[in-house]
Amino acid sequence: MNLARIYARVRADSPTTIVKQIPVATFFLLALVIVILAPMNFVDNPTAMATSMTIAGFATVLALYFTSRSMTTGWALVVPALDFVAIGFLRVGTGTNNSAFTALVILPIVWLAAEHGRRFIVYSALGAALALLLPVAYDWHLLLDAPFMVRGLMAPAVFAVAAAVINELSRQWRRRADSASREAAERAELLRESVEHSQQLAESAAKLRELERMFRGLWGAVTEQSVIGTDRSGLIDAWNPGAVKLLGLSDVETEGIRRIDEFHLAEELTSRSKELNFPVGETVLNPGFSALVEPTRLGNADVREWTYVGANGHLVPVELAVTARLTESGDIAGYLFVANDVTKAKELSRLKDEFVGLISHELRTPLSSILGYLELLRDEEGVELSKNQLHYLSVAERNANRLLRLVGDLLFTAQVDSGMFHINQTEQSLDLIVSASVESARPAASTAGITLNASIANGVMIRGDAVRIGQASDNLISNALKFTPAGGTVTVSVATTATQAVVSIRDTGMGIASAELDQLFSRFFRASTATKNAVPGVGLGLVITKAIVTAHGGELGVTSEEGMGTCFTMTLPLIDAIV
Amino acid sequence: MGRLIFGNPAPLSVVAADDDDDIRALVAIAVERAGLHLAASVADGNAAWAAIQHLVPDVVILDVSMPGKSGLDLCRLIRADDALKDMTVLLLSASVTEWSQQSGLDVGANEYLMKPFSPRELAARLSELASRREAKP
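Chains are numbered independently. Their residues run from 1 in the order of the written sequence. Written order decides the labels, with chains lettered from A and ligands numbered from 1. It should be noted that, the model being predicted, local features are given only for residues of pLDDT at least 70 and side-chain atom pairs only at 80 or more, the latter also being counted only at that level, while totals for whole chains, interfaces and linings use all residues.

Visitor: Go over the overall build of chain A with me, naming the residues and quoting the values.
Guide: The secondary structure content of chain A amounts to 18 helices and 12 strands. Here the C-beta atoms are placed from the backbone, and a residue counts as buried if at least 20 other C-beta atoms lie within 10 Å of its own, exposed if 12 or fewer do, and partly exposed otherwise. Taking all 579 residues of chain A together, the buried fraction comes to 29%. Once C-beta atoms are placed from the backbone, any two residues with those atoms within 7 Å are in contact. Considering only residue pairs separated by 6 or more positions, chain A has 64% of its internal contacts joining residues 24 or more positions apart. Numbering of helices and strands starts at the N terminus; helices are DSSP runs of H or I of at least 4 residues and strands are runs of E of at least 2.

Here it is in structure tokens:
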């Protein structure tokens, strides 16, 4: 049962002004018909009779007007008030005390009495009194007529009591209807809330299902990466299609049965464990697993190369990212192992190395012939070459050597790229290496009209490759000479701090724009000052120098001001610092 | 002609192998300048091995990367053969990796020269090797 709807209907059905006026109008019409058709003469005052009919008619028209404006109270109550007046005149017209139509007065009384508020009891009593006492207006002697006055006062009093009862009843009905409506509204609200709640539940269930579908789809779609989940002790609890493909076992064969470290090369786990100083980690019983997840457990990102062992014992080199799965409170619930097969990448890198080796060999062989035969030409016995011929020879030799250096540099950077660049780490005195570089640069410096100063500390011992360090310092010094105009100065110094050997090469050359400084060590980059001033080079020297310094655990820094000069600083760890 | 003169020892014989004709010619010139006798000059590893076994030269000059057998393979074979193991072996290589030189010395080569090499320097090395060998017996 919908109480709210019932109440709304009651409200809608509550009578309009015209509906309330219809009984009054009907009885007036009836009175008119009776007066006209009756054989005896009812009417003793035709004027009053006409007035009464006019007022009743006017009241009915007003009722129609108020109904059209949807007004049922307030000014609309003018209608019952006019009804009282009309009834008063009707009584006057039809014989006052003997009038047959006195009972009509009950209709406007009920109307007013049912209005909201106790004051309407008084209004209806006053209305009744007005209707009953109106004859006094025609004949004041009636005031002295005892039966008339008794009737005129008693009847309204009785009507007032009746009005009070009606008023109270309608008040109670109204209150009941209000509380019913309130209850209905409350229930409707409750109902709405519960419907809303269940809708929300349905929505979130749908969302969950959607997420689940999404996750399933995603999980199934990852076929090129192996994704394996474990609990905190390494027991596998998730095994994706990528893992099936990579390792040749299904999820049913692994989840809850196998451990992640069973799929790793045991030697690698052992050596990594040793590297990490045998971390206790998650489980003392399984040091291999602890080594696998130790950096992740400590909150560090961990991506490194490992070797997986597949179902048939086949080995797969992988790049493995280990991440932690967290509980709601942020504790580690388990681990995720996402692996990329790097077999192809390794093969590619091997092919690239082979290619570089081949190219370098193929380029060096013709260069060997060129340089060898040029030398024969120069050394030919019994032939005296002219000055011009000697000059041509030296140009050809210089360019062949330049080509040779370029091939060497390219090969070297390729080796650095592929990680094939290794250095012989032996004890070396850096001061001797740098001094040798300075001495070998002296002829070039004096040809170019540049002052070459050196301030070199003694006994600066480092661990490294003398040939490579020599190459680095040669590169930096020849760079400084190339970029310094005649009359400039290049200063080379070797000094030490508590832990570092510092080699600096300062020039008074053209400098490097500050915006270009961070690109300086990228392959084939050439500073704008270099190209503008037509300084020869291909942009490999600094790449090589930086690679050499980095491979020695050192750093290569640069400061420069355009037009003022540049200072390169090569920092290498002192041998004492290493120990 | 020198070997016909009494008391003057015959010049050391040399077998050279390199797949590049021009380099082989360059080696031949250096051998001649050092006063050695070039017994054979071949273009691949198998021919070199045949020549070495047949001629038993005093000195072999081998390119490291050749078709057939590499210079390193040949050096290993020579050192493993009782009749040949005392030969002087000189390797020539166009490879520049650090470990290639080491691998040359590991298989027992006496000298390891990087290409490009100076013919003058090769001749000097050969003369030096010759005088060392002649002084020995």
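Right, picking up where we left off after that structure.
Visitor: So what's going on with unusual backbone geometry? Residues and values would help.
Guide: Residue B:K115 is joined to B:P116 through a cis peptide bond whose omega torsion reads 0°. In this model, A:S70 sits at a positive phi of 60°, which is unusual for a non-glycine residue. In this fold, A:S70 is placed in the loop between α3 (46-68) and α4 (78-93). A:S70 sits in the exposed class, given 9 other C-beta atoms within 10 Å. You will see that B:V56, though not glycine, has its phi angle at about 45°, which is positive. Inspection of the secondary structure puts B:V56 in the loop between α2 (45-55) and β3 (59-63).

Visitor: Can you tell me about the packing of helix α5 (residues 106-113) of chain A against helix α7 (residues 146-221) of chain A, naming the residues and giving the values?
Guide: All names here are of chain A. Angles here are taken between N-to-C directions and fall from 0 to 180 degrees, while the axes themselves are lines fitted to C-alpha atoms, restricted in helices to the stretch in contact. Look at α5 against α7: their axes get within 8 Å of each other, and the N-to-C directions meet at 40°. By the angle class used here, α5 and α7 are oblique. Where α5 crosses over α7, the handedness of that crossing is right-handed. Taking contact as the criterion, the partners of I109, V110 and A113 in α5 are, on α7, F159, A162, A163, I166 and N167. Here is the rule for angles: anything less than 35 degrees is roughly parallel, anything more than 145 is roughly antiparallel, 65 through 115 is roughly perpendicular, and the remaining ranges are oblique. Here is the rule for handedness: rotate from the far helix to the near one, and if that takes an anticlockwise turn smaller than a right angle the crossing is left-handed, while a clockwise turn gives right-handed.

Visitor: I'd like to hear about the sheet that holds strand β4 (residues 315-326) of chain A, residue by residue, with values.
Guide: Residue and element names in this part refer to chain A. Think of it this way: DSSP has to see at least two bridges between two strands before they count as a pair. The sheet built from five strands is open, its strands ordered β2-β1-β5-β4-β3 with antiparallel pairing. Of all strands in the sheet, those bounded by a partner on one side alone are β2 (236-239) and β3 (302-309). Shown here is a sheet whose adjacent strand axes are inclined to one another by a mean of 30°, direction ignored. Relative to strand β5 (residues 332-341), strand β1 (residues 225-231) runs antiparallel, the two sharing seven bridges. Pairing of I228 across the sheet is with F337, part of β5.

Visitor: Give me the lowdown on the sheet that holds strand β5 (residues 111-114) of chain B, citing residues and values where you can.
Guide: All names here are of chain B. Spatially, β2-β1-β3-β4-β5 is the arrangement adopted by the five strands of the open sheet, whose pairing is parallel. Since the sheet does not close on itself, it has two edges, and those belong to β2 (37-42) and β5, each with one partner. When the angles between neighbouring strand axes are averaged without regard to direction, this sheet yields 15°. Where strand β1 (residues 13-17) meets β2, five bridges bridge the pair, whose relative direction is parallel. The partner of A16 across the bridge, within β2, is S41. Here α2 sits on the sheet in contact with β1, β2 and β3, set at roughly 170° to β1.

Visitor: So, the interface of chain B and chain A: which residues are in play, and what are the values?
Guide: With 16 residues of chain B in contact, the opposing surface of chain A contributes 18 residues. Among the elements of the structure, α1 (21-33) and α5 (119-135) of chain B are those that each provide at least two residues to the side of chain B that touches chain A. For the side of chain B that touches chain A, the leading source of residues is α1(B), giving four residues. Asp, Glu, Lys and Arg are counted as charged, while Ala, Val, Leu, Ile, Met, Phe, Trp, Tyr, Cys and Pro are counted as nonpolar; the rest, among them Gly, fall into the polar class. In the side of chain B that touches chain A, the residues fall into eight nonpolar, three polar and five charged.

Visitor: Please provide a residue-by-residue account of the pairing of β4(A), values included.
Guide: All names here are of chain A. Across eight bridges, β3 lies against β4 in antiparallel orientation. From the neighbouring strand, Y308 faces β4, where its bridge partner is V316. Counting the residues that bridge the hairpin from β3 to β4 gives five residues, and of these G313 lies at a positive phi of roughly 80°. Relative to β5, β4 runs antiparallel, the two being bridged by nine bridges. What sits directly across from V322, in β5, is F337. The antiparallel pairing of β4 with β5 creates a hairpin that spans five residues between the two strands, and G330 there sits at a positive phi of about 90°.

Visitor: Describe in detail the confidence of the model for chain B, supporting the description with residues and values.
Guide: Residues and elements named next belong to chain B. One confidence number per residue, pLDDT, is output by the predictor and ranges from 0 to 100. Confidence along chain B averages 85 in pLDDT terms, with 87% of residues attaining 70 or more. Helix α4 (residues 98-106) is the least confidently modelled element of chain B, averaging 71 in pLDDT, while β1 averages 95, the highest of any element. Predicted confidence for residues 1-7 stays below pLDDT 50, and this span has four contacts to residues more than four positions away or in other chains. If you check the scores for this complex, the pTM reads 0.51 and the ipTM reads 0.87.

Visitor: Describe the packing of helix α14 (residues 430-448) of chain A against helix α15 (residues 466-482) of chain A, with residues and values.
Guide: Residue and element names in this part refer to chain A. In contact at an axis separation of 9 Å, α14 and α15 are set at 30° when each is read in the N-to-C sense. As far as their axial angle goes, α15 and α14 are roughly parallel. Of the two elements, α14 crosses α15, and the hand of that crossing is right-handed. Counting all contacts with α14, which are made through L430, I433, V434, A436, S437, V438, A441, A444, A445 and A448, the residues of α15 involved are A466, I469, G470, S473, D474, I477, S478 and L481. Residues belonging to the contact of α14 with α15 are distributed by class as follows: 13 nonpolar, four polar and one charged.

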